[in-house]
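What follows is each chain in one-letter form.
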Protein chains: 2
Amino acid sequence: MMKTVEFFFDFGSPTTYFAYTQLPKIAAECGAEIVWRPMLLGGVFKATGNTSPVTVPAKGRWMFEDMARWARRYGVPFVMNPHFPINTLVLMRGATGLQMRQPDAFARYCDVVFRAMWLLQRNLGDAVVLASTLADAGVNADAFAALVADAEVKARLAATTDEAVARGVFGAPTFFVGDQMFFGQDRLEFVREALRA
Amino acid sequence: MMKTVEFFFDFGSPTTYFAYTQLPKIAAECGAEIVWRPMLLGGVFKATGNTSPVTVPAKGRWMFEDMARWARRYGVPFVMNPHFPINTLVLMRGATGLQMRQPDAFARYCDVVFRAMWLLQRNLGDAVVLASTLADAGVNADAFAALVADAEVKARLAATTDEAVARGVFGAPTFFVGDQMFFGQDRLEFVREALRA
């Protein structure tokens, strides 16, 4: 049986973008498969009483320096999005819906959305900007609108978010290897060790 | 001129204990000197609006697993203190006072207090337990009582805490290499890089 690592993610989290850029390499090295688990970070925060680190201004200022250090370490381009925080409900419903109904489109959609958010500084809360980003991803805007309004898609995202909270998730990114939970892109070395064990 | 790394610490933080066990090796490798900066973490939290991670229960539960992983990685003994959180005002005044008035006693005091807190599960908020811990550190209990009641000592700890906040500190441990700030024992690799640069 192939080893797996579950990746609970939300496009709105910049540190999740870093995890997104690194996890595929780690999984490949370890012969493991990534199980993509789109969740709604805002829902996780509400359920757990957690808040974004940027709600403490001094922590937010430091985090931007810290993220620049990680970008250099990983050799990954990263540009803070001036529209942060962006409500990701539609984007995460889109990820969930594509995963359910058009799985072949899921990977490209994730790639385009992560890059639009954390490289291209796009305001994905704006309908026109979102439409042009969907076009980049090869996703039809009308089909997408229907997908994110689909009751089963909405319910699936809510259920994944509830499951995450029930399993101990309080933020993003969060990884599971079996029942071992790892929070934060800065714990990817522990994820690697768990996959190798 | 010798390179220096400032170490803003409070005995009450378990991740600061990990930093305490690792920083001397890193400093030695880099030919750098540690500048010990005892501060009051509770004061930092109050000033910045930050809170202990354990105020989010799910985060607290994960942190204990995470700390066990770091203890294994570092090969450092660590036992969670059942009396956590312990008010560290007297302990930090003690560190400050010894640094000012009996610098030769400072290192042993820090070592004994960190181990009492994060290995021996001692309730250092209890006067009898504190007295026995001071004895282990070779510090006279009456002299210590006078030291922590000394207005200059109190003022120095408050000033260091204020300085930390003014420079952007929001938690512990925090390190500075020049004006570069690093938060968390999990950023010691970045501290090492900064010292080598």
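No experiment lies behind these values; they were computed from the predicted model shown. Counting of residues starts from 1 at the beginning of each chain's written sequence and follows it residue by residue. Working convention: letters from A go to chains and numbers from 1 go to ligands, in the order in which they are written. The model is predicted, so local features are restricted to residues of pLDDT at least 70 and side-chain atom pairs to those at 80 or more, both for listing and for counting; the totals for chains, interfaces and linings are taken over all residues. No hydrogens and no water enter the side-chain calculation; it runs on all heavy atoms of the structure.

(A) Molecular detail of the overall build of chain A. Counting from the N terminus, the helices are DSSP H or I runs at least four residues long and the strands are E runs at least two residues long. The helix and strand tally for chain A stands at nine helices and four strands. For chain A, the sequential pattern of α-helices and β-strands runs β-α-β-α-α-α-α-α-α-α-β-β-α. Atoms counted for the radius of gyration: C-alpha only. Globule rule: 2.2 Å times the number of residues to the power 0.38. Taken over C-alpha atoms, the radius of gyration comes to 16 Å for chain A, in line with the 16 Å a tight globule of 197 residues would show. Dimensions of chain A, computed from C-alpha atoms along their principal axes, come out at roughly 45 × 45 × 35 Å. Only protein chains enter the area calculation, which uses a 1.4 Å probe; residues under 20% of their type maximum are buried, those over 50% are exposed, and those in between are partly exposed. Across the 197 residues in chain A, those meeting the buried criterion constitute 53%. Considering only intrachain contacts with a sequence separation of at least 6, the fraction spanning at least 24 residues in chain A is 74%. When the accessible surface of chain A is split by element, carbon and sulfur atoms take 55% of a total near 8600 Å². Two residues form a contact once any of their heavy atoms are found within 4.5 Å. To be clear on the numbers: accessible area is Shrake-Rupley with a 1.4 Å probe, and residue cover counts the displayed protein chains and nothing else.

(B) Quick peek at the environment of Ala-135 of chain A. Here Ala-135 of chain A shows up in helix H6 (residues 127-136). Separated by 26 residues in the primary sequence, Ala-135 of chain A and Tyr-109 of chain A have C-alpha atoms spaced 9.8 Å apart.

(C) Molecular detail of the nonpolar core. Among buried residues, those of type Ala, Val, Leu, Ile, Met, Phe, Trp, Tyr and Cys that are joined through side-chain atoms within 4.5 Å constitute a nonpolar core. Grouped together as the largest cluster of nonpolar side chains are 137 residues, with contacts concentrated most on Phe-11 and Tyr-109 of chain A together with Phe-11 and Tyr-109 of chain B. If we ignore the near neighbours within four places in the chain, the residues touching Tyr-109 of chain B are Phe-11, Val-90, Leu-91, Gly-94, Ala-95, Leu-98, Leu-134, Ala-137, Val-139 and Phe-144 of chain B.

(D) Spotlight on the packing of helix H1 (residues 14-29) of chain A against helix H9 (residues 188-196) of chain A. Residues and elements named next belong to chain A. To obtain an axis, a line is fitted to C-alpha atoms, over the contacting stretch when the element is a helix, and the angle between two such axes runs from 0 to 180 degrees between their N-to-C directions. Direction vectors running N to C along H1 and H9 enclose 20 degrees, while the axes themselves pass 10 Å from each other. The angle between the axes of H1 and H9 places the two elements in the roughly parallel class. The element H1 and its partner H9 pack so that their crossing is right-handed. Side by side, H1 and H9 meet where Ala-19, Gln-22, Leu-23, Ile-26 and Glu-29 of the first sit next to Leu-188, Val-191, Arg-192, Leu-195 and Arg-196 of the second. Taken together, the residues of the contact of H1 with H9 sort by class into six nonpolar, one polar and three charged. For classification, angles of less than 35 degrees are called roughly parallel, those exceeding 145 degrees roughly antiparallel, those between 65 and 115 degrees roughly perpendicular, and all remaining angles oblique. Handedness of a crossing is defined here by the sense of rotation of the near helix relative to the far one, left-handed for an anticlockwise turn of less than a right angle and right-handed for a clockwise turn. Residues were grouped as follows: Ala, Val, Leu, Ile, Met, Phe, Trp, Tyr, Cys and Pro as nonpolar; Asp, Glu, Lys and Arg as charged; and all remaining residues, including Gly, as polar.

(E) Region of the structure containing the interface of chain B and chain A. Every contact between the two is made by 24 residues of chain B and, on the other side, 24 residues of chain A. By convention, the term buried area covers the 1.4 Å-probe accessible surface removed from two parts as they join, with the contributions of both added. Of the roughly 2200 Å² buried between chain B and chain A on both sides combined, carbon and sulfur atoms contribute 56%. The largest contributions to the chain B side of the interface with chain A come from Trp-62, Arg-69 and Phe-190 of chain B, which together make up 28% of the buried area. By convention in these notes, a salt bridge is any Lys or Arg side-chain nitrogen within 4 Å of a carboxyl oxygen on Asp or Glu. Scanning the region where chain B abuts chain A turns up six salt bridges. As a salt-bridge pair, Asp-66 of chain A and Arg-187 of chain B come within 2.7 Å of each other at their nearest N and O atoms. Counting of polar contacts relies on pairs of N or O atoms within 3.5 Å, with two restrictions inside protein: one atom must be capable of donating a hydrogen and the other of accepting it, and residues adjacent in sequence are counted only when both atoms are side-chain atoms. At the surface where chain B touches chain A, the tally comes to 12 residue pairs in polar contact (both at pLDDT 80 or more). Take the side of chain B that touches chain A: its biggest share by element is nine residues, from helix H3 (residues 57-74) of chain B. Considering only residue class, the side of chain B that touches chain A consists of 10 nonpolar, five polar and nine charged.

(F) Representation of the packing of aromatic side chains within the structure. Aromatic rings from Phe, Tyr and Trp, with only the six-membered ring used for Trp, were paired whenever their centres fell within 6.5 Å, and each pair was classed as stacked if the ring planes differed by under 30 degrees, edge-to-face if by over 60, and tilted otherwise. Tallied over the entire structure, the rule returns 50 aromatic pairs over all chains. Arranged with centres 5.3 Å apart and planes meeting at 20 degrees, the rings of Phe-7 of chain B and Phe-9 of chain B form a pair that is stacked. Judged by relative accessible area, Phe-9 of chain B falls into the buried class, the value being 0%. The rule is short: NZ of Lys or CZ of Arg within 6 Å of the ring centre and within 35 degrees of the ring normal puts a charge over the ring. In this arrangement the basic side chain of Arg-167 of chain A is found over the ring face of Phe-176 of chain A, its NZ or CZ atom lying 4.1 Å from the centre.

(G) Focus on helix H1 (residues 14-29) of chain B. Residue and element names in this part refer to chain B. A helix is expected to reach a length of 1.5 Å times the quantity of its residues less one. Over its 16 residues, H1 runs 24 Å from end to end, which matches the ideal 22 Å to within 8%, given 1.5 Å per residue. Think of it this way: the bend at a residue is just the angle between two axes, each fitted to seven residues, one set ending at that residue and the other starting at it. Of all the bends in H1, the largest measures some 35 degrees and sits at Gln-22, one to four residues before the proline Pro-24. Where H1 is concerned, the buried positions are Pro-14, Thr-15, Thr-16, Tyr-17, Phe-18, Ala-19, Tyr-20, Gln-22, Leu-23, Ile-26 and Ala-27. Tucked into the core, H1 has its buried residues touching strand E1 (3-9), strand E2 (32-38), H3, helix H5 (103-118), strand E3 (174-177) and helix H9 (188-196). Once H1 ends, the next one or two residues include Gly-31, with phi positive near 65 degrees.

(H) Looking closely at the sheet that holds strand E1 (residues 3-9) of chain A. Residues and elements named next belong to chain A. Here a strand pair is declared whenever DSSP counts at least two bridges between the two strands. Read from one edge of the open sheet, four strands run E2-E1-E3-E4, paired in mixed fashion. Unpaired on one side and paired on the other, strand E2 (32-38) and strand E4 (180-183) mark the two borders of the sheet. Geometrically, the sheet is characterised by an average inter-axis angle of 20 degrees between neighbouring strands, direction not taken into account. Here E1 runs beside strand E3 (residues 174-177); their pairing, made up of three bridges, is antiparallel. In the strand pairing of E3, Phe-8 is matched with Thr-174.

Coordinates in, geometry out; function isn't part of it.
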